[in-house]
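Take a look at the letters that make up each chain.
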Amino acid sequence: MQCSLRTPGSRSRLLSKILSVVALVCLLVTGSAQLQAQDNAPEKREPFRLDVVPEEALAVIAFRPAQLLAEPTLKPIRELLLKDMERSPDMAFLGLKPMDVKSVTVIYLFLEPGETGRVPFKTVFLVETIDELKQAQMKQLFSKSELEKTNFQGKTLLTKDSKNGDTLVFLDQNSFLISDKSSGVKTVLDQLQNRDNRVWTKRLTGVSTASVAAGINMQTLRNRLGKVLIQPLTQRIPAWPMIAPIWENTEIATLGVTLQKDLSLKLIFEQKNNSEQLKQSLDGLLLLGTNMIRQFQATRGNLNRPLQPNEESYLTRLENAFTETQVTQNDTRVTFSSVFKQDLLSQMVDLTIPAILQARAAAQRSRSKYNIKLIVLALHNYYERHHHFPPAIVMGPDGKTPHSWRVELLPYLDQQALYDEYRMNEPWNSEHNLKIAETVVPVFSHPSSSKPANTGYFVVVGDGTAFNNKQGVSFKEITDGTSNTIAVVEAKRDVPWTKPEDISYDGKKLPQFGGFFENPPVNGQPATGVYFVGLCDGRVRMLQDNMDEELLKSLLTIADGKPDQ
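Residues numbered from 1 in each chain as written. Predicted model: local features only at pLDDT ≥ 70, side-chain atom pairs only at ≥ 80, totals over all residues. Heavy atoms only, no water.

### As for the overall build of the protein chain
Operational definition: Under the scheme used here, helices are H or I runs from DSSP no shorter than 4 residues and strands are E runs no shorter than 2 residues, and both carry numbers assigned from the N terminus. Between buried and exposed lies partly exposed: a residue is buried under 20% and exposed over 50% of the maximum accessible area for its type, with that area taken using a 1.4 Å probe on protein chains only. In what follows, residue pairs with any heavy atoms lying within 4.5 Å of each other are defined as contacts. We get accessible surface area from the Shrake-Rupley algorithm with a probe of 1.4 Å; when it comes to residues, only the shown protein chains can shield them.
Counting its regular elements, the protein chain contains 16 helices and 21 strands. Within the span of the protein chain, comprising 565 residues, buried residues form 49% of the whole. The long-range fraction of contacts in the protein chain, counting pairs at least 24 apart against all pairs at least 6 apart in sequence, stands at 69%. Accessible surface, the protein chain: about 28400 Å² in total, of which carbon and sulfur atoms supply 50%.

And the structure:
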């Protein structure tokens, strides 16, 4: 389910994921839908709905998408994301845009006996919106199949897949719960009936009106997962002796982040004993961070050049922020508080933009490569059944109506239902089939495309290519070897994924491939376009626009008799 914060990997990585939950929040907020900018953040905020959090919860995090995304400091990132969302308007979660969302509260509950999952907890989301919910539309977006309805605590639970599967429940016209387990929703609904139990409301009192508020029951975390989590961390983190008192002595840790021009950060550690030792640990970590900044300034880190003026001023401001940070102790409570001024935040955003662009490009490359891998795997599964690859254009049951090989592969890409909907005796652009063409199939949709329903993946047709045979090519016909023959190529073209159109090659002039990615300039040389191809043996390779033409021609044919290196 899209709303779940599921994380792959071992339990030893769970603590770091929980402690970096603010970063996950930023990804959830900024990557989920189209953004609409405002320049003035609201000054007054109501406390978060923490009455929904059961006492047994491991952790809770609440944040305000509309308020965060309205902050002027985030304008450069917001504009960058706007461009992304314009290319992919279908990314809205259940039809909601972040600027429509007043608050989101995420509750982490341990799995019950008999429940299974990738991680040992389940998540429940409480979403509150500014405008009334379009419930009928949300139900359709939540599941195309019929939902199972059950009544619990006066509410209707809408569940799909299984009795304890993904579940949606509307609380009122402006709020709903959604979870990867129906049992999680039931636990929260039980909590709403128990008005006397407001443990988490009290725990987060000091941060309940922040832009982001979070709390972790460290005692429960230690008891349930302590040994599994800590042993690898003690070996990997050199500063662990300074962190150990915080881990060992804290009972409840809470976080408050308020972004309103400046950014205010408050960490509160509650414990019964050893508060002085905990304060000393925080003081030590603060000093360590300050010294690292000073050392970087003095040695320029690993840079082989002088620091640029903007980098120098940024490090100076960051050092000042660390220097002004306070660690205070009050009986059983130790508080870490800091303020990052607006000019520092703006500079941080400016310096972060290139890293964001680079990370996004890397993610898009990785996704495109994976898409091609899945397509070639589907081609092989098709081959196993039919003993040949599909031709580029496949005729329907009437023997005269063509459809694309991409449609033919749907059953081998877990899209059997969509395949069954497609009418083979109608052209691809008939009224009915055009509705199919508007459906985004992730594996055919290029991650960098401005039109998700278009395809970024094609086969090459023409004499001697792997998809020119009207009956479909068999392996024995690929005498150049499957490892030396291109099956699928990435290309930027305005073609709906259902349209039976691919890339023609006449054996002389090479067609234009790629168009999505390029390698940066090196040593004064211009940037070079790159693109992925899937070979007939299942491998995926990256090729460059300036590669040897004769070699590329050889890769496009199945039996030219030339060695391909």
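### What about the nonpolar core?
Which entries qualify depends on this criterion: Side-chain atoms within 4.5 Å link the members of a nonpolar core, which is a set of buried Ala, Val, Leu, Ile, Met, Phe, Trp, Tyr and Cys residues.
Ranked by internal contacts, the top residues of the largest apolar core, which has 59 residues, are Phe176, Leu282 and Phe340. Contacts of phenylalanine 340, omitting those with residues within four sequence positions, involve Asp262, Leu263, Leu265, Leu318, Ala321 and Leu345. Core analysis: the second largest hydrophobic core is formed by 39 residues, Ile372, Tyr383, Met424 and Val488 among them.

### Points about the confidence of the model for the protein chain
Quick note on the threshold: As a per-residue measure, pLDDT tells how confident the predictor is, with possible values from 0 to 100.
Across the protein chain, the average pLDDT comes to 83, with 87% of residues at 70 or higher. Taken element by element, the predicted model of the protein chain shows its lowest mean pLDDT in helix H1 (residues 14–19) (34) and its highest in strand S15 (residues 457–458) (97). Across residues 1–42, confidence stays below pLDDT 50; counting only partners more than four residues off in sequence or on other chains, it has 100 contacts.

### Thoughts on the sheet that holds strand S2 (residues 101–110)
Counted only if it meets this: Strand pairing is assigned whenever DSSP detects at least two bridges linking the two strands. Lines fitted to the C-alpha atoms define the axes, with helices restricted to the stretch that makes contact. Angles between their N-to-C directions range from 0 to 180 degrees.
Strand order across the open sheet formed by twelve strands is S4-S5-S6-S7-S3-S2-S1-S8-S9-S10-S12-S11, with antiparallel pairing between neighbours. In the strand order of this sheet, the two ends are held by strand S4 (148–152) and strand S11 (326–330), each with one partner. Averaged over neighbouring strand pairs, the angle between their axes works out to 15° when direction is ignored. Looking at chain direction, strand S10 (residues 262–270) and strand S12 (residues 333–340) are connected through eight bridges and run antiparallel.

### Remarks on the packing of aromatic side chains
Counted only if it meets this: Paired rings are identified among Phe, Tyr and Trp, the last through its six-membered ring, by centres lying within 6.5 Å, and are further divided according to the angle between planes into stacked (under 30 degrees), edge-to-face (over 60) and tilted (the rest). Cation placement over rings: the criterion is NZ of Lys or CZ of Arg within 6 Å of the ring centroid and within 35° of the ring normal.
Taken as a whole and assessed by the stated rule, the structure comprises twelve aromatic pairs. Where tyrosine 383 meets phenylalanine 475, the ring centres are 3.9 Å apart and the plane angle is 20°; that geometry is what we call stacked. In this pair, tyrosine 383 is assigned in helix H12 (residues 342–386) and phenylalanine 475 in the loop between strand S16 (460–461) and strand S17 (486–490), connecting sequence segments 92 residues apart. We classify tyrosine 383 as buried; its relative accessible area is 14%. Between phenylalanine 389 and phenylalanine 475, the ring centres sit 5.6 Å apart and the planes meet at 90°, which makes this aromatic pair edge-to-face. Linking phenylalanine 389 in the loop between H12 and strand S13 (393–395) with phenylalanine 475 in the loop between S16 and S17, this pair joins segments that are 86 residues apart in sequence. Exposure remark for phenylalanine 475: the relative accessible area of 29% places this residue in the partly exposed category. Following the ring pairs from residue to residue traces out a cluster consisting of Tyr383, Phe389, Trp405, Phe444, Phe467, Phe475 and Trp497. The ring of phenylalanine 48 is capped by arginine 64, whose NZ or CZ atom sits 3.8 Å from the centre of that ring.

### Remarks on the side chain of histidine 403
Applicable threshold: We call two N or O atoms a polar contact when they sit within 3.5 Å, provided that within protein one can donate a hydrogen and the other can accept it, with sequence-adjacent residues counted only if both atoms are side-chain atoms.
With respect to the helices and strands, histidine 403 occurs in strand S14 (residues 402–404). Look at histidine 403 and you get buried, because its relative accessible area is 2%. Reaching out from histidine 403, the side chain makes a polar contact with the side chain of glutamate 408 at a distance of 2.7 Å. Ignoring anything within four residues of it in the chain, the contact list for histidine 403 reads Ala392, Ile393, Val394, Met395, Gly396, Glu408, Tyr422, Met424 and Pro500.

### Here we look at the packing of helix H8 (residues 218–236) against helix H9 (residues 240–249)
What describes two packed helices is the angle between their axes and the distance between those same axes. Let me state the cut-off plainly: When describing relative orientation, an angle under 35 degrees is termed roughly parallel and one over 145 degrees roughly antiparallel, while 65 to 115 degrees is termed roughly perpendicular and anything else oblique. Helix crossings are classified by the rotation of the near helix relative to the far one: an anticlockwise turn of less than a right angle makes the crossing left-handed, while a clockwise turn makes it right-handed. Residues are grouped as follows: Ala, Val, Leu, Ile, Met, Phe, Trp, Tyr, Cys and Pro are nonpolar; Asp, Glu, Lys and Arg are charged; all remaining types, including Gly, are polar.
Orientation of H8 relative to H9, taken along the N-to-C sense of each, is 160°, at an axis distance of 10 Å. The orientation of H8 with respect to H9, classified from their angle, is roughly antiparallel. As for how H8 packs across H9, the hand of that crossing is left-handed. Residue-level inspection shows Met218, Leu221, Arg222, Gly226, Ile230, Leu233 and Thr234 of H8 in contact with H9, the latter providing Trp240, Trp247, Glu248 and Asn249. Looking at the contact of H8 with H9 residue by residue, the class counts come to six nonpolar, three polar and two charged.

### Quick word on the pairing of strand S9 (residues 252–260)
In terms of burial, S9 is a largely internal element, seven of the nine residues being buried. Here strand S8 (residues 212–217) runs beside S9; their pairing, made up of six bridges, is antiparallel. Paired with alanine 213 across the two strands is glycine 256, which belongs to S9. Sheet topology places S9 next to S10; nine bridges connect them, and they run antiparallel. Note that in S10 the partner of leucine 255 across the bridge is leucine 267. Hairpin connection, S9 to S10: the antiparallel pair is bridged by one residue, and lysine 261 has positive phi, about 70°.

### As for the environment of valine 53
With respect to the helices and strands, valine 53 occurs in the loop between helix H2 (21–30) and strand S1 (59–63). Classification of valine 53 as buried rests on a relative accessible area of 1%. Contacts of valine 53, omitting those with residues within four sequence positions, involve Val60, Ile107, Gln191 and Trp200.

### Structural notes on unusual backbone geometry
Positive phi is not limited to glycine here, since lysine 261 has a value of about 70°. The topology assignment puts lysine 261 in the loop between S9 and S10. Under the relative-accessibility criterion, lysine 261 is labelled exposed at 54%. The residue aspartate 414 is not glycine, and still its phi comes out positive at about 60°. Residue aspartate 414 is classed as exposed on the basis of its relative accessible area, which comes to 77%.

### Examining the packing of helix H11 (residues 309–324) against H12
Put simply, H11 and H12 touch, their axes get as near as 10 Å, and they point 135° apart. Classed by the angle they form, the pair H11 and H12 counts as oblique. H12 is crossed by H11, and the crossing has left-handed handedness. Mapping the contact onto sequence places Asn310, Ser313, Tyr314, Arg317, Leu318 and Ala321 in H11 and Asp343, Leu344, Gln347, Met348 and Leu351 in H12.

### Topic: the pattern of salt bridges
Convention followed: Criterion for a salt bridge: a side-chain nitrogen of Lys or Arg within 4 Å of a carboxyl oxygen of Asp or Glu.
Following the criterion strictly, the structure yields 13 salt bridges and no others. Of the charged contacts, one joins lysine 451 and aspartate 494 as a salt bridge, the two residues approaching to 3.4 Å between their closest N and O atoms. Residue lysine 451 is found in the loop between helix H15 (431–437) and S15, and its partner aspartate 494 is found in the loop between S17 and strand S18 (503–504); the two are separated by 43 residues along the sequence. Taking the relative accessible area as the measure of exposure, lysine 451 reaches 42% and is therefore partly exposed.

### Observations regarding the pairing of strand S5 (residues 155–159)
Where S4 and S5 come together, five bridges link them in antiparallel fashion. Its bridge partner lying in S5, threonine 150 is registered against leucine 157. Between S4 and S5, which follow one another and run antiparallel, lie two residues, and glutamine 153 among them has a positive phi close to 50°. Two elements, S5 and strand S6 (residues 167–172), share two bridges in a ladder whose sense is antiparallel. Of the residues in S6, the one forming a bridge with threonine 159 is threonine 167.

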